[in-house]
Structure formats: structure tokens, C-alpha cells
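Secondary and tertiary structure notes
So the chains spell out like this:
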Number of protein chains: 2
Amino acid sequence: MAEPRQDRSRVTRQRLLEAAVDCLAEVGWTGSTVSVVAERAGVSRGAAQHHFPTREDLFTAAIDYVATERVNSLRSGLPAAPTVALVVEAIGEMYAGKLFKAALQLWVAAASDGQLRDQVVPLETRVGREAHRWAVEALGADESRPGVREVVQATLDMARGLGLANLLTDDSKRRSRVLAEWAEVLERVLA
Amino acid sequence: MAEPRQDRSRVTRQRLLEAAVDCLAEVGWTGSTVSVVAERAGVSRGAAQHHFPTREDLFTAAIDYVATERVNSLRSGLPAAPTVALVVEAIGEMYAGKLFKAALQLWVAAASDGQLRDQVVPLETRVGREAHRWAVEALGADESRPGVREVVQATLDMARGLGLANLLTDDSKRRSRVLAEWAEVLERVLA
DNA sequence: TTTCAAGCATGCACGCTTGATTGTTTCTCC
DNA sequence: GGAGAAACAATCAAGCGTGCATGCTTGAAA
């Protein structure tokens, strides 16, 4: 899809994508109808249809948007004094926000939709790789030592699990306790 | 809902519930229409409607069914010689099967459906509690020691995260490596 | 055996979403 | 300033899922 020429168009397009992400996080995949997204974006359904002829077009773009935003939030989020505890906490936050909720909806929808799956899987592996690299760097981990790579991955997987637990109820208090304890264990392992 | 009088009825009802779980795991929440579930169960749509007048009735029963099945699979799954590695592996399996996939669909659907959420949350907390108790017992962990409780929870959360990663692609090889490494760490922590 | 209720099957109407078509406004470039 | 394209708005037909209403079949009790 070519880059639009008018500024107004770019704005509308951007608003549609952001609205799509918001809707994904709040009303889920099937709840995010074109009408709902358009209304949230403050544009008419016809306008949405102009930019994205089909619903599939809209959400393939939205999936890309979610992936890049998640990577961006990684890049800008490295704490100044990266103690292990702070890094672990940051990883926890990464799987607790709106973007994670939106991505979760996409994963689950993609699990039973081959078309969508082919869109989501490559982007998700890319995000996962970036997150891993970020974590290794932030933790100052030496991946050449056996087991270190797996423990870093375990940290990310645990954060994902905590994020999932945080989906239905506010699990932040428990998450903090678990992450704090994990940070101590992780620090000993990495030392 | 009263217990049906005829055996045939109980069988049909059971088949519908099992089909509902299968469909949840395979085609997702919105894909699991009454027609699809009924066809999979080998009964007509009318029969399904007789047992569960509305779709909501069907899936409220299915949610209960999933919860009890998950608890049952816990109870029957304790390894004979519970080394830490075996227990961790068993926990990993727990979040890799069909029941987990079905439950995942329910969680995500419940995230944007207040009605469903009220059904799912209490059952899920119960399953979580059972799983935690089972893990503590199987690991022989001493929860009176500070931090032990959190580490056990972290193990379960990590398994949940790994299960999520296993949703779109076959992640079993990576999971085995991560779990094996974590088992070693966990053993040292619990000692 | 008869009878009646439970179990089961079928068809229809309603609401919703999507994608296409057509008409209207706004911007850009000549 | 005007022509033409891009952006936006409104309406229509088609498909799908649900719920209801209506018959038919089976089994158990009198």
C-alpha cells in the first residue's frame, strides 16, 4: 500500500491503527468490528474502508503496528542504572500493558486462523528475539556460559505467564512479589 | 439444571461438553458456534438446544467441565519418584495440552466479556490454588521459608508463559531446555 | 398396550457484520 | 481559479449465528 499524499490521510490512517490496537485490547478480536474501530478513531466506516478496503487489510496493518510498537517500547525503556531487580521489573511491565493485551488477542485469534497465523508468527518471533537481546544486554548476562541463555528465556517466559495471569484480574501485587524473588534468584545464577 | 432421567440424555450431554472443549481448543471461542459443537458431538443442533437452551448455557457448563478436568488431570498426574526435574516437566505438560488451550480461549474471551469473566475468574482461582498446592507437595517445598512460595509460583507462571509460546508454533524443544535448566536452579533454591 | 413426557430434529425470523456501490466534499496541481 | 484525484459518507445486498416455534421419535410408567 503506497504512502498517502495528504497529511489528513496519514493522520486518519494512524488514528485507525491506534484505535484498532485499543479495541483489540479492550473488546477483543471479534469485538473489534470495522464499525467499532472506526467509531473509536472518530471517522466514518466509509473512511475506514477507503484506507483499508477489507477488515483483513486493516488488521494486517494493525498487527505490524503492534509489533513495531512493542519493539519501540523495548528500545526506549532501558533503565539508567540497570540493576537486576530493575531490569526484571521492566520486563514485567513489558507484559502488563495495553500492547501485550492486544498482542495476546492476536495470538489467540491466530491459533485458529491459518491466514492470521502466517501474519503473526514471523512478527512475533522477531519481537521475541528483540526482547531476548534486550534482556541479555540489560542484565549484562554472559550467554557463553551454559544455562545462562535458558535462564534469561525463562525470565521472559515467566513474565509472559504473569502477564496472562494479569489479564482477568489485577495481579500486580502478586507479580511484584514473584518478580522480586525471581530477581534475587536470577542475580545469584548470573553471578 | 436437574439430572436427566435417561442414560441416552446423559451421554449426549457429555458428548456435547467434550465437543465444546475440543472446539474451543481447535477453532477458538467465536469459532465454536452451536452448530459446530453439535456437529462435532454427532448430534443435531436441536438436540444441543434441548440440553442447553442458549449458547451461554452450553459454555457455562463447558467452563465448569474444563475446570474440573484440569483439576482431575492434576490429581492423577503425580509422578512416582518425584524428582524436581520430573515435577517441573509435569508442570510444563500441564500447560501444553488441549485443556490448557481451551482454557486459554476462555480467559481471552472473558477479558472482554463481563458475563463470562464472572464465570471464569472464580473457577480459575480455584484451579490455580489446586495447582499450587499440588506443586508444593510434589516438590516437597517448605513454604515456611521466605521466598519459597514465590519461587514455586514463579515456576507455575513460567509454565503458563511457555504454554502460551507453544500456542502458535511447536515450542516443545525450547521448552524442554528451559524447563531442564530451571529445574536445576529450582533444586538449588529449594535445598 | 396405551399414553404422556422427555429427547430430538427442522424451518424461519431477527440482528449483526462485511464488502460493494454510489454520491459528496476536500485537497492538490496545473 | 478550475480540473481531477483523493478522502470521506451513506446506502444496499449477502452471509452467518442465534433463538424460537413447531413437529416427530423414543422410552418409561400406568
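Residues numbered from 1 in each chain as written. Chains lettered and ligands numbered in written order. Predicted model: local features only at pLDDT ≥ 70, side-chain atom pairs only at ≥ 80, totals over all residues. Heavy atoms only, no water.

1. Re the interface of chain B and chain A
Many structure descriptions define interface size as the accessible area lost when the parts assemble. The cut-off we apply is this: For this analysis, residues touch if any pair of their heavy atoms sits within 4.5 Å. Here the buried area means the combined drop in accessible surface, using a 1.4 Å probe, for two parts upon being joined, counting both sides. A pair is scored as a salt bridge if a Lys or Arg side-chain nitrogen falls within 4 Å of a carboxyl oxygen belonging to Asp or Glu. N or O atoms within 3.5 Å of each other form a polar contact, as long as, within protein, one can give a hydrogen and the other can take it, and as long as residues adjacent in sequence are counted only when both atoms are side-chain atoms. Secondary structure elements are taken from DSSP: a helix is a run of H or I of four residues or more, a strand is a run of E of two residues or more, and numbering for both begins at the N terminus.
Taken together, the contacts link 36 residues of chain B with 37 residues of chain A. For the pair chain B and chain A, the summed buried surface comes to about 3,200 Å²; carbon and sulfur atoms form 70% of the total. Of all residues in chain B, B:Val108, B:Leu164 and B:Leu168 give up the largest surface area on contact with chain A, accounting jointly for 20% of the area buried on that side. Inspection of the chain B/chain A interface yields 4 salt bridges. Here chain B is connected to chain A by 12 residue pairs in polar contact (both at pLDDT 80 or more). Elements represented by at least two residues in the side of chain B that touches chain A include exactly α1 (7-31), α6 (98-110), α7 (114-139), α8 (148-165) and α9 (172-190) of chain B.

2. A short note on the pattern of salt bridges
Residues and elements named next belong to chain B. Convention followed: Only protein chains enter the accessibility calculation, which uses a 1.4 Å probe. A residue is then buried if its area is under 20% of the maximum for its type, exposed if over 50%, and partly exposed in between.
Under the counting rule described, the total for this entry stands at 24 salt bridges over all chains. With a shortest N-O distance of 2.9 Å, Arg70 and Glu124 are connected by a salt bridge. With Arg70 in helix α4 (residues 55-75) and Glu124 in helix α7, the pair connects residues that are 54 residues apart, well separated along the chain. This pair shows no difference in class: Arg70 is buried, exactly as Glu124 is. In this structure, Glu130 engages Arg75 in a salt bridge whose closest nitrogen and oxygen atoms are separated by 3.4 Å. On the criterion of sequence distance, the pair formed by Glu130 in helix α7 and Arg75 in helix α4 is long-range, its members being 55 residues apart.

3. As for the side chain of A:Arg160
Its location among the elements puts A:Arg160 in helix α8 (residues 148-165). Here A:Asp157 takes part through its side chain, which lies 2.3 Å from a polar atom of the side chain of A:Arg160. Setting aside anything within four residues of it in sequence, one finds A:Arg160 in contact with A:Tyr95, A:Phe100, A:Trp107, B:Gly161, B:Leu164, B:Ala165 and B:Arg174.

4. Let's talk about the confidence of the model for chain A
What counts here: Known as pLDDT, the predictor's confidence for each residue is given on a scale from 0 to 100.
Confidence in the prediction of chain A, expressed as mean pLDDT, is 90, and 95% of residues score 70 or more. Mean pLDDT across the secondary structure elements of chain A bottoms out at helix α1 (residues 7-31) of chain A, with 87, and peaks at α8(A), with 96.

5. Details of the packing of α8(A) against α9(B)
This is how the line gets drawn: Axes here refer to lines fitted to C-alpha atoms; in helices the fit is confined to the stretch in contact. Angles between the N-to-C directions go from 0 to 180 degrees. Angles below 35 degrees are treated as roughly parallel, those above 145 as roughly antiparallel, those between 65 and 115 as roughly perpendicular, and all remaining angles as oblique. For this classification, Asp, Glu, Lys and Arg are treated as charged, while Ala, Val, Leu, Ile, Met, Phe, Trp, Tyr, Cys and Pro are nonpolar and the rest, including Gly, are polar.
Running from N to C, α8(A) and α9(B) point in directions that differ by 100°, and their axes come no closer than 9 Å. Between α8(A) and α9(B), the interaxial angle falls into the category roughly perpendicular. Residues A:Glu150, A:Val151, A:Gln153, A:Ala154, A:Asp157 and A:Arg160 of α8(A) form the contact with α9(B), whose participating residues are B:Arg174, B:Arg177, B:Val178, B:Glu181 and B:Val185. Across the contact of α8(A) with α9(B), the residue classes tally to 4 nonpolar, 1 polar and 6 charged.

6. Describing the packing of aromatic side chains
Residue and element names in this part refer to chain A. This is how the line gets drawn: Working definition: rings of Phe, Tyr and Trp (its six-membered ring) pair if their centres are within 6.5 Å, and the pair is stacked with planes under 30 degrees apart, edge-to-face with planes over 60 apart, and tilted otherwise. By the criterion adopted, a ring carries a charge over it if an Arg CZ or a Lys NZ lies within 6 Å of its centre and within 35 degrees of its normal.
Counted according to the given criterion, the structure contains 7 aromatic pairs over all chains. For the ring pair Tyr95 and Phe100, a centre distance of 5.5 Å and an interplane angle of 75° mean the geometry is edge-to-face. The pair formed by Tyr95 and Phe100 is uniform in burial state, with each residue classed as buried. The structure contains a cluster of three or more aromatic residues connected by ring pairs, namely Tyr95, Phe100 and Trp107. Of note, Arg55 hangs over the ring of Trp29, and the distance from its end group to the ring centre comes to 4.6 Å.

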